[in-house]
Amino acid sequence: MTTHSNTPAGWYPDPHGAPQTLRYWDGAKWTEHTNADQQAQPQAVPQQQAGPDPRVQRQVQTQAGVAGGGPGGGGLFSEPVLVVNQKAKLIELTNEYTVMDQNGNLIGSVTEIGQSTLKKALRFVSSLDQFLTHRLEIRDAHGQPQLVLTRPAKIMKSRVIVSRPDGSPVGEIVQQNMIGKINFALTANGRQIGAIKAENWRAWNFAIVDHADNEVARITKTWEGLAKTMFTTADNYVLQIHYQLPEPLLSLVVATALTVDTALKQDSRGLG
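Model, not experiment: these values are computed from the prediction.

Trainee: What's the story with the sheet that holds strand E3 (residues 30-35) in this structure? I'm lost.
Mentor: What links the strands of a sheet is backbone hydrogen bonding, and the strands pair in either a parallel or an antiparallel sense. On the basis of which strands lie adjacent, the open sheet formed by three strands has the order E1-E2-E3 and antiparallel pairing. Because the sheet does not close on itself, it has two edges, and the strands there are strand E1 (10-13) and E3. Taking the axes of each pair of neighbouring strands and ignoring which way they run, one obtains an average angle of 40° across the sheet. Across three bridges, strand E2 (residues 22-25) lies against E3 in antiparallel orientation. Within E3, the position partnered with Leu22 by the bridge is Asn35.

Trainee: Before we go on, may I ask you to explain helix H1 (residues 54-63) in this structure?
Mentor: Since the α-helix packs 3.6 residues into each turn, any two residues three or four apart lie on the same face. Regarding H1, the residues found buried are Val56, Gln59 and Val60. Angular distribution of buried residues about the axis of H1 spans 85°; they occupy a single face of the element. For H1, the exposed residues set more than 90 degrees away from the buried face come down to Pro54, Arg55 and Thr62. Summarising the contacts, the buried residues of H1 are in contact with strand E4 (81-86), strand E5 (96-100) and strand E15 (236-241). Just past H1, the residue Gly65 takes up positive phi, approximately 70°.

Trainee: Sorry if this is basic, but what is going on with the pattern of salt bridges here?
Mentor: Once the charged atoms of two side chains with opposite charge are near each other, the side chains can pair. Following the criterion strictly, the structure yields six salt bridges and no others. We note a salt bridge from Lys197 to Asp213, for which the minimum N-O separation is 2.6 Å. Taken together, the positions of Lys197 in strand E12 (residues 191-198) and Asp213 in the loop between strand E13 (205-210) and strand E14 (215-221) put the pair 16 residues apart, joining distant regions of the chain. Judged by its relative accessible area of 31%, Lys197 falls in the partly exposed class. Between Arg218 and Glu199 there is a salt bridge, with the nearest N and O atoms lying 2.6 Å from each other. Of this pair, Arg218 sits in strand E14 while Glu199 sits in the loop between E12 and E13, and the two are 19 residues apart along the sequence.

Trainee: What am I meant to see in the sheet that holds strand E9 (residues 159-163) here?
Mentor: The strand order around the closed barrel formed by 12 strands is E4-E5-E6-E7-E8-E9-E10-E11-E12-E13-E14-E15, and the pairing between neighbours is antiparallel. Across the sheet, the mean angle separating the axes of adjacent strands is 20° when strand polarity is ignored. In this sheet, E12 lies alongside strand E11 (residues 183-188) in antiparallel orientation, the contact comprising six bridges. The residue bridging Asn183 from the neighbouring strand is Lys197, located in E12. On the sheet, helix H4 (residues 249-258) packs against E4, E5, strand E6 (106-113), strand E7 (134-140), strand E8 (145-151), E9, strand E10 (169-175), E11, E12, E13, E14 and E15 and is oriented at approximately 50° with respect to E10.

Trainee: What should I look at first to understand the nonpolar core in this one?
Mentor: Where a protein is soluble and globular, its nonpolar side chains tend to be buried together. Counting residues in hydrophobic clusters, the biggest one holds 40 residues, and the most contacted among them are Val162, Ile208, Leu239 and Leu258. Take this core: its biggest share by element is eight residues, from H4. Those residues in contact with Leu258 that sit more than four places away from it in its chain are Leu76, Leu82, Val84, Tyr97, Val99, Val110 and Ile138. Core analysis: the second largest hydrophobic core is formed by eight residues, Ala64, Val81, Met100 and Val238 among them.

Trainee: In this structure, what is going on with the side chain of Thr187? I would like to understand it.
Mentor: Considering the arrangement of structural elements, one finds Thr187 in strand E11. Ignoring any residue separated from it by four or fewer positions in sequence, one finds Thr187 in contact with Gly171, Glu172, Val174, Gln192, Ile193 and Leu252.

Trainee: Just checking my understanding: could you explain the pairing of E13 for this structure?
Mentor: When a strand is regular, its side chains alternate between the sheet's two faces. Taking burial as the measure, the six residues of E13 include five buried ones, the bulk of the element. As paired strands, E12 and E13 are joined by five bridges and run antiparallel to one another. For Lys197, the partnering residue across the bridge sits in E13 and is Ala207. Pairing between E13 and E14: five bridges, direction antiparallel. In the sheet register, Phe206 faces E14, and the bridge partner there is Ile219. Counted along the chain from E13 to the antiparallel partner E14, the turn is four residues long, and its residue Asp213 has a positive phi close to 70°.

How each quantity is defined
Per chain, the residues get numbers from 1 upward, laid out in the order the sequence is written. At least 70 in pLDDT is required for a residue's local features to be given in this predicted model, at least 80 for side-chain atom pairs to be given and counted, and no such filter applies to totals for whole chains, interfaces and linings, which use all residues. Side-chain descriptors were evaluated using all non-hydrogen atoms of the structure, hydrogens and water having been removed beforehand. Here the rule is simple: two strands pair whenever DSSP picks up at least two bridges between them. Here a helix means four or more residues in a row that DSSP labels H or I, a strand means two or more in a row labelled E, and each is numbered from the N terminus. Angles shown run from 0 to 180 degrees and are taken between the N-to-C directions of axes, each axis being a line fitted to C-alpha atoms and, for helices, limited to the stretch in contact. The cut-offs for exposure are 20% and 50% of the maximum accessible area for each residue type, with area from a 1.4 Å probe on protein chains only; residues under the lower value are buried, those over the upper are exposed, and the others partly exposed. Working definition: the arc comes from the directions between the helix axis and the C-beta atoms, pointing outward to the latter. The contact rule is simple, with two residues in contact once any of their heavy atoms fall within 4.5 Å. Between Lys or Arg on one side and Asp or Glu on the other, a salt bridge is scored when a side-chain nitrogen of the former is within 4 Å of a carboxyl oxygen of the latter. Nonpolar cores are built from buried Ala, Val, Leu, Ile, Met, Phe, Trp, Tyr and Cys residues. Side-chain atoms within 4.5 Å join them into one set.

Below is the structure:
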């Protein structure tokens, strides 16, 4: 919990979340003094909005070349820019990502679910896990699932099934080709409503278009430095949505950006 520097000294709810506990704020910082007296009347602590994170702003504006968008609604489906950063791990056994707005405020996460011990072992010793089924949850800032993505076991081309947490379908992301610049179709109710088009053969940057081939969003991979790229598995992307999109295209665009690594990068690993 953060406070304004001009918050008066007094007893406030414990910032570390201890139940039924007050902690003393001396006007400048939290102290070690706590009070479990339930008769004490806690004072409301003014909340301070986190300032912009210069690292995220640099990732958005300098590395991805995205001009700062206007203020969004603070959620996964209402922000014009989403920053997707994979947690850096020397050995990647599960896919985990944080999702932030253009100022670095946490607004969601992506977590792989249903990962068995065997699947983790395959990922550790080989690339064969890319041919197994993967399931991911897209969660909001409070940890509540918003979308569930399933990539069924595949031999050649990938397909990602997008659904709501209650199981109702949203649509699919379907790989169209294997040679050249990779393309995916966005489909819903049996018809194509958009597409993902890689802009180079290494599939790092993507244009997302609607059914009329008009660009509606863009995904750009950002560079995190040679050492991080060589020694960890972290991938980082910036999604820019050009204007408010209708459903189900919006959910499919967000799903695409938040799972581009699972849907695309794993397909380029080969057979180990």
